[in-house]
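Listed below, chain by chain, are the residues.
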Amino acid sequence: MSEAQLSVNEGPFRTAREAIDWVVRFIPLAGIKPGLERMERLMELLDHPHRRLKFIHVAGTNGKGSVCAYLTEVIRTCGYDVGTFTSPYIESYNERIRLNGVNIPDEDLLKVINKIKPLVDQVAEEFGQPSMFEISTVVAIEYFARTAYPDFVVWETGLGGRLDSTNIVTPLVSVITNIGHDHMDFLGDTLEKIAAEKAAIIKAGVPVVSAVEQPEVVRVVEEAAKAKNSTLYLLGREFRYETISSKENEQTFRFTGTFRDIPDAAISMNGPHQLKNAAVALMTLEVLRQYYALIVEDEDLLRAMKAAHWPGRLELVSQGPRILIDGAHNPEGAESLAAALKGTYSYNRLHFMMGMLTNKNHTGYLRHILPIVDTLILTEPNWLKKAAAEDLAGLAKSLLAECGRHDVEVIVEPDWKTGLERLKRMTAQDDLAVVSGTLYLIGDVRSWIKHQSDSEKGW
């Protein structure tokens, strides 16, 4: 009898679907529960599996997923086994936990969840119910430590840093991409407070790579690194990049770092913000080379940087009509998206569909998007805390009136599938359609378009 069959018979769940349903049921029930006491107890009950692994811990407001994608692709291409833990997923829960770019298999997921379920129940009695994200973090650690055995784990924070469940680990290097206005209801109402939460992933003596820019944020990160005796590698100071060329699906740049220069790096991901993310990844890899003897051949490095991609970030999911999806959901993300749409893509008219959660800065987001759109469709994701399309439309109309723009058509369509069909119909050959906002909407749209495309091909 196989191990997968044994796990079915020995555990409370018989299928991976049952196991996943149990994990995700704690989204509304447990919600977001900052604090590490539940994680510490779970690690203790599992005999500290996180201590077996070498982590690269990535925090920040935007760009975390892209930086993780660059790091994963390079380390894997250089011949190492690499685990990756990211969130949220785009299409399936298994995407959160990957080995060498491949989702955790259902049988392994079932085996691990069957093992930890009794322990989660025990901790729930002692400290309160662990959240969906805490359980997912434990699943990832247990899978990597006792089934997959990767050489490195690229480890993305969920929310913040200080009390995030991923902060249970001591990594080889910490990364803070940037700091912006997001999750302010949990992390604080100023950039300094948000920065302090994220900078708390910095561990004693562990080097830090960061692209934070605002002076008050730089100061917070510098003080946190100094307090931990950690060397800080800051974009614009210890490393920098210079754009050589930029066109759709290919950007080239020169990287200048503390240890060496890379004169001709190229990436396929779009938008000027991706050059910054790529530079952060390169500096992180250089730190791993210098501190931990990571073997990186230049040929592998350059090939992997060009090959790296990240679903749902300026991703072209349809050619006829042209539809881009992008998971920008806060003001800083919207600013990067607008810059990319203006600087990278050519089109006659821009038709934009968005859906958001309630706890986002919708005004800040729309101020970046409204100046460049011809049509705005407001819709709603299939999620618990969705923002009402009617409310978003009212806000958009108010902001458009404020700036004297009366030529933008604003459409309210709460059903996103109906909204997507309207978007398709109005997008002419020379136009561009964009779907943006919460990743819960982006994932559904991506999956739907992909499914329709496969059906048309007869797959």
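Throughout, a residue's number is its position along its own chain's written sequence, starting from 1. Totals for whole chains, interfaces and linings use every residue, but because this is a predicted model, local features are given only for residues with pLDDT of at least 70 and side-chain atom pairs only at 80 or more, for both listing and counting. As a rule here, side-chain values come from all non-hydrogen atoms in the structure, and water together with hydrogens is ignored.

*Asks:* Run through helix α15 (residues 389–402), naming residues and quoting values.
*Replies:* Over its 14 residues, α15 extends 20 Å from the first C-alpha to the last, a length consistent with the 20 Å expected when each residue adds 1.5 Å. Each residue's exposure class comes from its accessible area (1.4 Å probe, protein chains only) as a fraction of the maximum for that residue type: buried when under 20%, exposed when over 50%, partly exposed otherwise. Under the DSSP-based scheme used, a helix requires at least four consecutive residues in state H or I and a strand at least two consecutive residues in state E, with every element numbered from the N terminus. For α15, the full list of buried residues reads Ala-389, Leu-392, Ala-393, Ala-396, Leu-399 and Leu-400. Axial view of α15: buried residues confined to an arc of 130°, hence all on one face. Exposed positions of α15 whose direction lies more than 90 degrees from the buried face are Glu-390, Asp-391 and Glu-402. By this rule, a helix spans an expected 1.5 Å times one less than how many residues it contains. To obtain the arc, one takes the directions from the helix axis to the C-beta atoms.

*Asks:* Now, about the domain arrangement of the protein: what can you tell me, with residues and values included?
*Replies:* It is common to give the size of an interface as the accessible area that goes away when the parts come together. Domains are outlined according to an automatic or database domain assignment. Along its sequence, the protein is organised into domain 1 (16–307) and domain 2 (315–451). For domain 1 and domain 2, the distance between their C-alpha centroids amounts to 28 Å. Contact criterion: two residues are considered in contact whenever any of their non-hydrogen atoms come within 4.5 Å of each other. Opposite the 18 residues of domain 1 that make contact, domain 2 presents 22 residues. Summed over both partners, the accessible area lost on bringing two parts together, with a 1.4 Å probe, is the buried area. Across the domain 1 to domain 2 interface the summed buried area is about 1700 Å²; carbon plus sulfur atoms make up 53%. For this document, the term salt bridge refers to a Lys or Arg side-chain nitrogen within 4 Å of an Asp or Glu carboxyl oxygen. Where domain 1 touches domain 2, the interface holds two salt bridges. Across the pair Glu-91 and Arg-446 runs a salt bridge, and its minimum N-O distance is 2.7 Å. Any pair of nitrogen or oxygen atoms within 3.5 Å is treated as a polar contact; in protein, a donor-acceptor pairing is required on top of that, and neighbouring residues in sequence qualify only through side-chain atoms on both sides. The interface formed by domain 1 and domain 2 includes three residue pairs in polar contact (both at pLDDT 80 or more). Of all elements in the fold, only α3 (26–30) and α11 (272–292) reach the threshold of two or more residues within the side of domain 1 that touches domain 2.

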